[in-house]
Structure formats: structure tokens, C-alpha cells
Amino acid sequence: MDALLDLLTKDSRLSVEDLAARLNLTAAEVQAKVAAWEADGTILGYQAVIDPEKTHSSGVTALIEVRLTPERGGGFDRLAERVAKFDQVKTCWLMSGGFDLAVVVEAGSLQEVARFVAEKLSTLGGVLSTVTHFQLKIYKQNGFLSTPAPDGLRLPITP
Amino acid sequence: MKPPTDPSNSMSSDIQSKIADRIQAIPRSGIREFFELVLNAGDVISLGVGEPDFATPWHIREAAIYSLEKGQTSYTSNLGLLELRKSIAKYVAQKFSVAYDPAKEVIVTVGVSEALDLAFRALLNPGEEVIYHEPCYVSYSPTIYMAHGVPVVVETQAEDDFALRASAVEKCITPKTKVIMLNFPTNPTGAVMDPKELQGIADLAIKHDLIVITDEIYSELLYDDRTHPSIAALPGMKERTILMHGFSKAFAMTGFRLGYACAPPALTEAMMKIHQYSMLCASITAQVAAVEALEHGAAPMEEMRKAYWRRRNLVVSKLNGAGLKTFQPGGAFYAFPDIRSTGMTSREFATRLLEEEKVAVVPGTAFGKAGEGFVRACYATAEDQLAIALERVAAFAQRHRG
Ligand SMILES: Cc1ncc(COP(=O)(O)O)c(C=O)c1O
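Since this is a predicted model, take the numbers as computed values, not measurements. Position numbers for residues start from 1 in each chain and track the written sequence from start to end. Here chains are named by letter from A upward and ligands by number from 1 upward, in the order in which they appear as written. Predicted model: local features are reported for residues with pLDDT of at least 70 only, side-chain atom pairs are reported and counted for 80 or more only, and whole-chain, interface and lining totals are derived from all residues. To get the side-chain values, all heavy atoms of the structure are used, and hydrogens and water are removed first.

### Structural notes on the packing of helix H13 (residues 346-357) of chain B against helix H14 (residues 383-399) of chain B
Residues and elements named next belong to chain B.
Thought 1: Relative to each other, H13 and H14 sit at 115°, their axes nearing to 10 Å. Considering the angle they form, H13 stands roughly perpendicular to H14. Crossing geometry of H13 relative to H14 is assigned as right-handed. Of the residues in H14, those in contact with Phe 349, Arg 352, Leu 353, Glu 356 and Glu 357 of H13 are Arg 392, Val 393, Ala 395, Phe 396 and Arg 399.
Thought 2: Each residue belonging to the contact of H13 with H14 can be placed in one class, and the counts come to five nonpolar, no polar and five charged. Helix axes are fitted to C-alpha atoms over the stretch in contact, other axes to C-alpha atoms as well, and angles between N-to-C directions run from 0 to 180 degrees. Going along the chain from the N terminus, every DSSP run of H or I of four or more residues is numbered as a helix, and every run of E of two or more is numbered as a strand. In these notes the angle categories are as follows: under 35 degrees is roughly parallel, over 145 is roughly antiparallel, 65 to 115 is roughly perpendicular, and the rest is oblique. Take the far helix as your reference; a near helix turned counterclockwise from it by less than a right angle gives a left-handed crossing, and one turned clockwise gives a right-handed crossing. Two residues form a contact once any of their heavy atoms are found within 4.5 Å. Under this grouping Gly is polar, as are all residues other than the nonpolar Ala, Val, Leu, Ile, Met, Phe, Trp, Tyr, Cys and Pro and the charged Asp, Glu, Lys and Arg.

This is the structure:
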């Protein structure tokens, strides 16, 4: 991966000047590259990674396995894109293995997820079956541990 | 009979006199003195460390834990686990293009530190000379001295970005010279070696029939697509070179205390003679972890290298921006800024920076006289902390512009 993209993936809040200093680029070069990626959809967005336990949110997250009937011509794309359009759906992947779509859904309550599955997802033509798993606890997300390893274990001066 | 007295009082001066003269003669390390200052200063951002800020990659720690679960808690053969020596030989062949026989030419040691001690003790008769370059890692000179050798310094120059010139080495060669000691990339300067000069040093070693010891501990941590040939790979050199390497830096395994030396069978055997009686073998847990590191550690190492590269760029650009002239180091994780524009000595600079801005760097003089006018700033520190430290250094340099 491009070193600038790699760094933005780790910390997208760095200023243009800070990015440039770390990568031996000029600020103008950084700006031009980022603008091009934003324009062509390489960079889709920027987000904070939040630990929901700290925000005491009452929301629930579910992983839904979905089996689909593929369609002539389009395969899974048309249906998958349709599923992905729902606001509740945060992530939607086509998978190898025993099911076809892995769908991550966030909602206010268990009931809301149940309603989404029963009324929206299962009723779509082409959806053969669903299996819903609820998330209980997060240990790591997007590369961030919920309990980061302590630092400061090194001596302050060593040869 | 004398009446009993408080032993703690009456003995203390006597005890001092019991210590061997040679050991008493070794001065206290500059780095230890400074360490105490830093400890007393409280909450500082330290750029004074000589080790990675990353914990050992998890897959390596996990391999160590698994070996403990299985009960792998015994001694190993003196040379080290054969499996590890095979991995080392394979890795060294790939990385440096020198083939060593794992059965006879590889010895696993407790860090490069022990390998250095073994090599000097194995090679040096009293009074024989070792040429090494300063500023350098703090252990070389005392280790040579403790092996009854005579350390002979070649000072590298800021004008050359602290690279070593063969012509400077040649001037130091005498009939007593036995060994030339190299360390590139260098702690504390981050200097790398020009291949032409390296060939020049190889030519000298062959012409004067000298042994070369090369400490390759930072050889993975190279930037800007630089390649780093080891002197062991040059024609005619393998048979007169001890190649030392370890796991501390590139694999972030300092606390595992593991390294190795690759050398012709007779030299390996001589080092093994000392090692078997003084150390027996390196820790088996560390050895098992090291196999995992060599076989599967490339990707995590590359991630760490990239992080160091970004930090190097940041540090060098900010230090230069602050008016502290800093050359772009080709390797390791140290920047070596020229602080003479402040009119201070290295020691003053480091002490006052610590007091006024709570940032610790190491005075260049801790690494030899040639380090005067410079300080070592280690950039193996989290980027956010590094950025804060650099702002403070800039403010300090601004205030004290001479
Ligand atoms: C140049 C150099 N050689 C050797 C060592 C010691 O390495 P080890 O941890 O393998 O004993 C260090 C550690 O700082 C070093 O900088």
C-alpha cells in the first residue's frame, strides 16, 4: 500500500504538514494525493474508532449470515447491494464457505434487529435463510485493542 | 584477637580495595550517570532509550508461551538448538549472501553483548589491538579492555555523516593490530557504510591479515531502499570475519537476550569453549521464540521498520527546522543532531533540556569523545509523544540560540 494511505489508515487526523514531514513529501504533494483518492473513491471516509462500553450506548450489534440464490448474469451483486443500502447495515461482505453474505447490523435494541431480519431481510426475493448472532463484547476492532497494552515499561535511558 | 566491630563500616573501604585493579580502572559509564538524572527528573518524554518501543510481536511471544506450556525448560546444546542454528544460517544466507554451516559455524549467544565478549576473549592476547570507530555503542571499548586487548579509536566525522573511511582505519594499523570492529548502521549516529569504503576496509584486513568483527544488529533497519552489504560477503572475507547479529532491535526482542555469531569453524569452536563454561547455553525459551521470529517474523518487522522510517523523517525535518543540523541517518533508530549552534556542550544541552523541557536525550559524549557537540535522540517512541518532544526541543533550541 502507498505509505501515505497506510499512515492515513492508522491515523487520519494528522495534518497535511505532519503527514508530509513523516513521509518526506511536500504539503502540496500530500494534498494532491489525498484529493485524488477522495475524488476517485479510494478513500471512502474518515471515522473515529469508539469503544461502545465507554459510551454506555444501549445499542446492539449483530452479525447475520445470509444465504442467497445467485442470479443469472449478476451473481450476488444486485441482492448484496440492495442489502447494503439499509442504514442499519454497517458492513456487508460476500463470503466463501457455508453462507454468502456476512451482514453486520447495528440497531437500538434486540427487537429492532429481529424486526429488520423478519421484515426486511428475509422477505427479499432470493434470500434463502438467515442466522443471526448478537455481539456480546468487543476485544479488538479495526486493529485497536479495547484494553491497550500498557506502555512505559522501558527504562528511560539505555545504551 | 581484635574486638568485633560493625562489619558494614570497617569492611567497606577494605572491600573496595579487594576489587581487581583492572575493573576499578574502568570509569563509570556516562550513560548510567545520566540515567540517574533522568530518573530523578520525574515525568519526562524519553528519547534516551536504545531499544524499540514496540513489544515483541505477539506471534513470537505466543511461541515462547507455548514452549513453556509444553515444558521446554531444559538446557540446549552449547551452540544452541540446531533448529535455531539452521534458521539462522538460512536467514543470514538470504539476507547477507554468506553461507554458514549450522553445525560448525553458528553459535547462539545471550545477545550480541555476549558474542562480543566471547569473540574478544577468544581472539586477543594481552596487548593486542582492536580498531573500532567512535562515536559507537558503549560496550566495545570496555569489552575489549576486559579481554586484555587495547581499544584503538578511529573517530568518524560529522562531515562524512559519521561513515568510516578506510584511509582513517589504515592510519591506525600497527604490528599489534588484530581486529577491526565495525557497526553499521551505527548506534548512536545511524550512519551507514559506503560500499567502496567497505571494500577498502576488506582490502586492509586481507593485506594485514586481520580479523573483522561486524555487529549487524541494526542491519534490517535501513531506509530509502538502501541495501547493506555485510563485509562478510566480500571476496576473501568470510574466512576472517565474525558476523554478529541478534534479535533485540529488528524483532523488538531486547528482553529475550538472544543473539548469535557466525564465524569459521575454528573461531566458532574457540568462542564455544568460553561460552560452554561461562554461560552453558542461552535460554531455551528465547531460542524457541527466535525460531518463530526468523521463520515468520518478516511482516511484523516490516511494519515496525516503516514506523521507524516515518518517525525518522519527522524527527530529522523537525530538528533541522529547529536549527539543530541533523543529517538523514540511513539506518537504526537514532538521530544525531549537531547542537553546537546553542553554544553548549553535549552534556549541558542534555541536562538543561531535561530540566527545562522534560525531554531526555543522551549526550553524544557517552559514545566517545567524537560525540561532543551532538546528542543522540532515539525515535523508537510513539509518534504522538515524539511530536510533543520535538516541539519542546524546538522551543529550547530557539531560546538558546548562541
Ligand atoms: C550496536 C549495538 N550492538 C549491540 C547491542 C547489544 O545487543 P544485544 O541486546 O543483542 O546484547 C546494542 C544495544 O543497544 C547495540 O546498539
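Structure shown, so let's carry the discussion forward.
### As for the interface of chain B and chain A
Size of an interface, as often reported, equals the accessible area lost when the parts are brought together.
Thought 1: Every contact between the two is made by 33 residues of chain B and, on the other side, 15 residues of chain A.
Thought 2: Once two parts are joined, some of their accessible surface, as seen by a 1.4 Å probe, is lost; buried area is that loss totalled over both. Both sides together, the interface formed by chain B and chain A hides about 1,900 Å², and carbon and sulfur atoms give 55% of it.
Thought 3: Area buried by chain B at its contact with chain A is led by Phe 35, Trp 309 and Arg 310 of chain B, which between them contribute 27% of it.
Thought 4: The salt bridge definition used is simple: a Lys or Arg side-chain nitrogen within 4 Å of an Asp or Glu carboxyl oxygen. Summed over the shared surface of chain B and chain A, the result is four salt bridges.
Thought 5: Salt-bridge contacts for Lys 10 of chain A lead to Glu 303 of chain B; the nearest nitrogen and oxygen are separated by 3.3 Å.
Thought 6: Identification of polar contacts relies on pairs of N or O atoms within 3.5 Å, with a donor-acceptor requirement for protein atoms, meaning one able to donate a hydrogen and the other able to accept it, and with residues adjacent in sequence counted only if both atoms are side-chain atoms. Across the contact surface, chain B and chain A share 14 residue pairs in polar contact (both at pLDDT 80 or more).

### Things to note about the side chain of Ser 219 of chain B
Residue and element names in this part refer to chain B.
Thought 1: Position of Ser 219 among the secondary structure elements: in the loop between strand S6 (211-215) and strand S7 (241-246).
Thought 2: Looking at Ser 219, its side chain comes within polar contact range of the side chain of His 245, at 3.3 Å.
Thought 3: Not counting the four nearest positions on each side in its chain, Ser 219 is found in contact with Lys 95, Phe 96, Pro 185, His 228 and His 245.

### Notes on empty space enclosed by the protein
Residue and element names in this part refer to chain B.
Thought 1: Residues are said to line a cavity or pocket when one of their atoms sits within 4 Å of a point; the points come from a 1 Å grid over protein atoms alone, cavities being sets where a 1.4 Å probe fits but cannot get out and pockets being open sets with protein on both sides within 12 Å along at least five of seven lines. Grid points are joined across faces, edges and corners, and a volume is the space filled by probe spheres set on the points. Tallied over the entire structure, the rule returns two cavities of 30 Å³ or more.
Thought 2: Here the largest cavity defines a volume of roughly 60 Å³.
Thought 3: In terms of lining, the largest cavity is formed by Leu 47, Leu 319, Leu 324, Pro 337, Ile 339, Phe 349, Leu 353, Val 361, Val 375, Ala 377, Leu 390 and Val 393.
Thought 4: Classifying every residue of the lining of the largest cavity by side-chain character gives 12 nonpolar, no polar and no charged.
Thought 5: Forming the boundary of the second largest cavity are Leu 182, Phe 184, Met 193, Leu 198, Thr 214, Glu 216, His 228, Pro 229, Ser 230 and Ile 231.
Thought 6: Classifying every residue of the lining of the second largest cavity by side-chain character gives six nonpolar, three polar and one charged.

### Examining the pairing of strand S5 (residues 177-182) of chain B
Residue and element names in this part refer to chain B.
Thought 1: With a 1.4 Å probe rolled over the protein chains alone, any residue whose accessible area is under 20% of its type maximum counts as buried; one over 50% counts as exposed, and the rest are partly exposed. Within S5, five of the six residues are buried, which leaves it mostly tucked inside the rest of the structure.
Thought 2: Note on pairing: DSSP must find at least two bridges between two strands before they are called paired. One ladder, built from four bridges, connects S5 with S6; its direction is parallel. Bridged to Leu 182 within S6 is Thr 214.
Thought 3: A crossover connection joins S5 to the parallel S6 through helix H9 (residues 195-207); in handedness this β-α-β unit is right-handed. Here the term right-handed applies to a crossover when the path leading from its first strand over the helix to its second strand runs clockwise, the strands being oriented away from the viewer.

### Some thoughts on the sheet that holds strand S4 (residues 150-155) of chain B
Residues and elements named next belong to chain B.
Thought 1: With respect to topology, seven strands assemble into an open sheet ordered S2-S8-S7-S6-S5-S3-S4, the strand pairing being mixed. Each end of this open sheet is capped by a strand with a single partner; those strands are strand S2 (106-109) and S4. Sheet twist, expressed as the mean angle between neighbouring strand axes with direction ignored, is 20°.
Thought 2: By the bridge criterion, four bridges tie strand S3 (residues 129-134) to S5 in an arrangement that is parallel. Looking at the pairing, Glu 129 lines up with Thr 177 of S5.

### Brief notes about the sheet that holds strand S9 (residues 334-335) of chain B
All names here are of chain B.
Thought 1: With respect to topology, three strands assemble into an open sheet ordered S9-S12-S11, the strand pairing being antiparallel. One side of each edge strand has no neighbouring strand; the edge strands of this open sheet are S9 and strand S11 (362-363).
Thought 2: Sheet topology note: the S9/strand S12 (residues 375-378) ladder contains two bridges and is antiparallel. Looking at the pairing, Tyr 334 lines up with Cys 378 of S12.

### Considerations on the domain arrangement of chain A
Thought 1: In this entry, domain limits derive from an automatic or database-based domain assignment. According to the domain assignment, chain A consists of domain 1 (3-40) and domain 2 (53-136).
Thought 2: Between the C-alpha centres of domain 1 of chain A and domain 2 of chain A the distance comes to 34 Å.

### Quick word on the layout of surface pockets
All names here are of chain B.
Thought 1: The computed volume of the second largest pocket comes to approximately 630 Å³.
Thought 2: Lining the second largest pocket are 25 residues; nearest its centre among them are Ser 29, Gly 30, Val 138, Pro 142 and Ala 366.
Thought 3: At the level of elements, S3 and helix H7 (140-146) are the ones that each hand at least two residues to the lining of the second largest pocket.
Thought 4: No other element matches the six residues that H7 contributes to the lining of the second largest pocket.
Thought 5: Here the residues of the lining of the second largest pocket are counted per class, giving 14 nonpolar, seven polar and four charged.
Thought 6: Of the domains in this structure, domain 1 (13-55 + 300-399) and domain 2 (71-296) are the two that each give at least three residues to the lining of the second largest pocket.

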